[in-house]
Amino acid sequence: MKKAIYIKSALAVMYAIVSMFALMLINSALIAENDDMYYNEFYSSNMRKYNINFGKGADFPYNELGENYALYYAVSEAFDRDYDSIRAVYINGNVPRPEMTEGRFFTEEEMEKGEKVAVLGALCRRNVTEENGEEYYVTGGVRYRVVGYIGRKDEVTDLDNMVWLNMGAYFSKASAIGRFAVDTGSEAQTAEVISNLLEKLPEENRDSAAEIIHERKLRSISFFTQRIYVYIVIAIIINIAIVSVYYIDKRIYTIAVKKLAGASFVRLAGEIAAEYASFAAAGAVAGLVIAFALRFTSFSDSTEVYLMSFSAPSVIAMFAATVLLSLVISILPIIRVYREDLSQKIK
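Basis of the calculations
- Residue indices begin from 1 for each chain and proceed along its sequence in written order.
- Under the rules for a predicted model, residues below a pLDDT of 70 receive no local features and side-chain atom pairs below 80 are neither given nor counted, while totals for whole chains, interfaces and linings still include all residues.
- Heavy atoms throughout the structure, all of them, feed into the side-chain values; hydrogens and water do not.
- Strands are runs of DSSP state E lasting at least 2 residues, helices are runs of H or I lasting at least 4, and numbering of each runs from the N terminus.
- Any residue under 20% of the maximum accessible area for its type is buried, any over 50% is exposed, and the rest in between are partly exposed; the area is computed with a 1.4 Å probe on protein chains only.
- N or O atoms closer than or at 3.5 Å make up a polar contact, with two conditions inside protein: a donor-capable atom paired with an acceptor-capable one, and, for residues adjacent in sequence, both atoms drawn from side chains.
- Any two residues having at least one pair of non-hydrogen atoms within 4.5 Å are treated as being in contact.
- To count toward a patch, a residue needs a relative accessible area above 30% and no salt bridge. Like charges then connect within 9 Å, nonpolar side chains (Val, Leu, Ile, Met, Phe, Trp, Tyr) within 5 Å.
- Residue-level accessible areas treat just the shown protein chains as cover; the underlying method is Shrake-Rupley with a 1.4 Å probe.
- Take a side-chain nitrogen of Lys or Arg and a carboxyl oxygen of Asp or Glu: if they are within 4 Å of each other, that pair is a salt bridge.
- A pair of Phe, Tyr and Trp rings is counted when the ring centres sit within 6.5 Å of each other, with Trp represented by its six-membered ring. The angle between the planes then sorts it: under 30 degrees is stacked, over 60 is edge-to-face, the rest tilted.
- In a helix, the anticipated span is given by 1.5 Å times the number of residues less one.
- Working definition: the arc comes from the directions between the helix axis and the C-beta atoms, pointing outward to the latter.
- In the cavity and pocket records, a cavity denotes points on a 1 Å grid over the protein atoms alone where a 1.4 Å probe fits but cannot get out, a pocket denotes an open set with protein on both sides within 12 Å along at least 5 of 7 lines, and lining residues are residues with an atom within 4 Å of a point.
- Grid points are joined across faces, edges and corners, and a volume is the space filled by probe spheres set on the points.
- Ten residue types, Ala, Val, Leu, Ile, Met, Phe, Trp, Tyr, Cys and Pro, are classed as nonpolar, four, Asp, Glu, Lys and Arg, as charged, and the remainder, Gly among them, as polar.
- For this analysis, a nonpolar core means a set of buried residues of the types Ala, Val, Leu, Ile, Met, Phe, Trp, Tyr and Cys, connected via side-chain atoms within 4.5 Å.
- Any two strands with at least two DSSP-identified bridges between them are counted as paired.

Colleague: Which residues make up unusual backbone geometry, and what values do they have?
Modeller: Negative phi is the rule for most residues except glycine; trans is the rule for most peptide bonds. A positive phi angle is found at E41, which is not glycine, with a value near 60°. Tracing the backbone through its elements, the reader meets E41 in the loop between α1 (2–33) and β1 (48–56).

Have a look at this one:
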């Protein structure tokens, strides 16, 4: 009896841990879905940054990395709206482009031909000069024709003090040494574009390339941390499955008696599934209690605790995921009961 109680408690604890990770990942996904790029430097949650020392910019393969991606190069980064933040930009295919408050965005032809054109945030107009009815922005001794202004009308956003230069034009006169950002419609796509980029670099440049951790303004779990958490959850699930099979082994005699008394396999399977679901539900409740208690600890300011916050969609999704997991795991013990000759267990 005591051993059964220990096993039940262990299962509930493991489900509690899984439910906490599930809550974090669900909230992270909800934040990413509602992410507003205009308040995150116009980066999506799929963006990844690399420090690359390539050398001559004119030879950099910025437009040969696949389809549907945005590539950014940090020319200068301003941490004060009194200064312009400048980046070189190349956009290919179906990826978000900023709204235009005036004028237009780069054309595909301008990007491919490396035309000296730029789009600016509203505040950058302070550094614009006019000549023959055209506006120009000068940086690094190169004059770029302003073709439009990016941002949102009557709204303050991160784009207001940004200057976007056509990447081909910028690299025709500058080196490709510094911080690059790749952004696409999904994490997998971003990884593919980065892989293509690294493959095209000379070996010495590829070996020195290093990923940079990007601190997003909206709190979320980083790309690599998400992967680590997924592996941890998988490891815990495997342990739950092992303990679940062990638990049924300890109850096989009771199950055999029920079957001998006339209980159908469907009934026995239902009882096992319901019991496992009860462990998962208890674990989910315990996970919520622990998540709430962590708000009053030294971990309260961490991103992980922040992402354990409660909302109706996240809590419902977390409960559903945890209970569904328990039902999937219960299949193993149910199959074991189905295949076992239970008559031998009561002799």
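Colleague: Tell me about the side chain of S85, and name the residues and values.
Modeller: Along the chain, S85 turns up in strand β3 (residues 85–92). Accessibility expressed as a relative area gives 14% for S85, which makes it buried. A polar atom in the side chain of S85 sits 3.5 Å from the backbone oxygen of S76. Not counting residues within four places of it along the chain, the set of residues in contact with S85 comprises S76, E77, A78, N161, M162 and V163.

Colleague: Account for a nonpolar patch on the surface, with residues named and values stated.
Modeller: On the surface, a cluster of nonpolar side chains totalling about 490 Å² of accessible area is made up of V230, Y231, I234, I238 and I242. Inspection of the secondary structure puts I242 in helix α6 (residues 223–250). Its relative accessible area of 55% is what places I242 among the exposed residues.

Colleague: Run through the packing of aromatic side chains, naming residues and quoting values.
Modeller: In this structure the tally under the stated criterion is 19 aromatic pairs. Centre to centre, the rings of Y38 and F42 are 5.3 Å apart; their planes meet at 85°, and the pair counts as edge-to-face. Looking at F42, the relative accessible area reads 2%, which means it is buried. With 5.6 Å between their ring centres and 55° between their planes, Y170 and F171 make a pair best called tilted.

Colleague: A description of the pattern of salt bridges should follow, citing residues and the corresponding values.
Modeller: All chains considered together, the criterion is met by twelve salt bridges. With its nearest N and O atoms 2.9 Å apart, the salt bridge here joins E211 to R48. Remark: R48 occurs in strand β1 and E211 occurs in strand β11 (residues 210–212); sequence separation between them is 163 residues. Close ionic contact of R126 with D84 constitutes a salt bridge, the shortest N to O distance being 3.0 Å.

Colleague: Before we move on, could you go through the environment of L307 and cite the residues and values that matter?
Modeller: As for its placement among the helices and strands, L307 is situated in the loop between α9 (303–306) and α10 (312–339). Given a relative accessible area of 0%, L307 falls into the buried group. For the pair L307 and L23, spaced 284 residues apart in sequence, the C-alpha separation works out to 7.3 Å.

Colleague: Could you give an account of helix α4 (residues 187–200), naming the residues involved and the relevant values?
Modeller: With 14 residues, α4 ought to run about 20 Å at 1.5 Å a step, and its terminal C-alpha atoms sit 20 Å apart, in line with that. Buried within α4 we find T190, V193, I194, L197 and L198. Each buried residue of α4 lies within a common arc of 135° when the element is viewed along its axis, so the set occupies one face. Exposed side chains of α4 directed beyond 90 degrees from the buried face belong to A188, E192 and E199. On the buried face of α4, the contacting elements are β1, β2 (69–76), β10 (175–183) and α5 (203–208).

Colleague: So, empty space enclosed by the protein: which residues are in play, and what are the values?
Modeller: Taken as a whole, this structure holds one cavity of 30 Å³ or more when the rule is applied. One number sums up the size of the largest cavity: a volume of about 50 Å³. Around the largest cavity, the lining residues are M37, F42, S44, A70, Y72, V95, P96, D183 and T184. Residues of the lining of the largest cavity, tallied by class, amount to six nonpolar, two polar and one charged.

Colleague: Give me the nonpolar core: which residues, what numbers.
Modeller: Core analysis: the biggest nonpolar cluster contains 57 residues, and F60 and W164 have the highest contact counts within it. No other element matches the six residues that strand β8 (residues 142–150) contributes to this core. Setting aside its immediate chain neighbours within four residues, F60 contacts I52, F54, L71, F171, A176, F180, L197 and L201. Within the second largest apolar cluster, 36 residues are counted, among which are Y229, I248, I272 and I329.

Colleague: With reference to specific residues and values, describe the environment of F180.
Modeller: Tracing the chain through its elements places F180 in strand β10. You can call F180 buried: its relative accessible area is 2%. Separated by 107 residues in the primary sequence, F180 and Y73 have C-alpha atoms spaced 4.5 Å apart. Apart from residues no more than four positions distant in its own chain, F180 is found in contact with R48, K49, Y50, I52, F60, L71, Y72, Y73 and F171.

Colleague: So what about the pairing of β3? Which residues, and what values?
Modeller: Of all eight residues that make up β3, eight are buried, and the element is covered over most of its length. Residues of β3 alternate between two faces, with S85, R87, V89 and I91 on one and I86, A88, Y90 and N92 on the opposite face, all of them buried. The sheet contact formed by β2 and β3 spans seven bridges and is antiparallel. What sits directly across from Y72, in β3, is V89.

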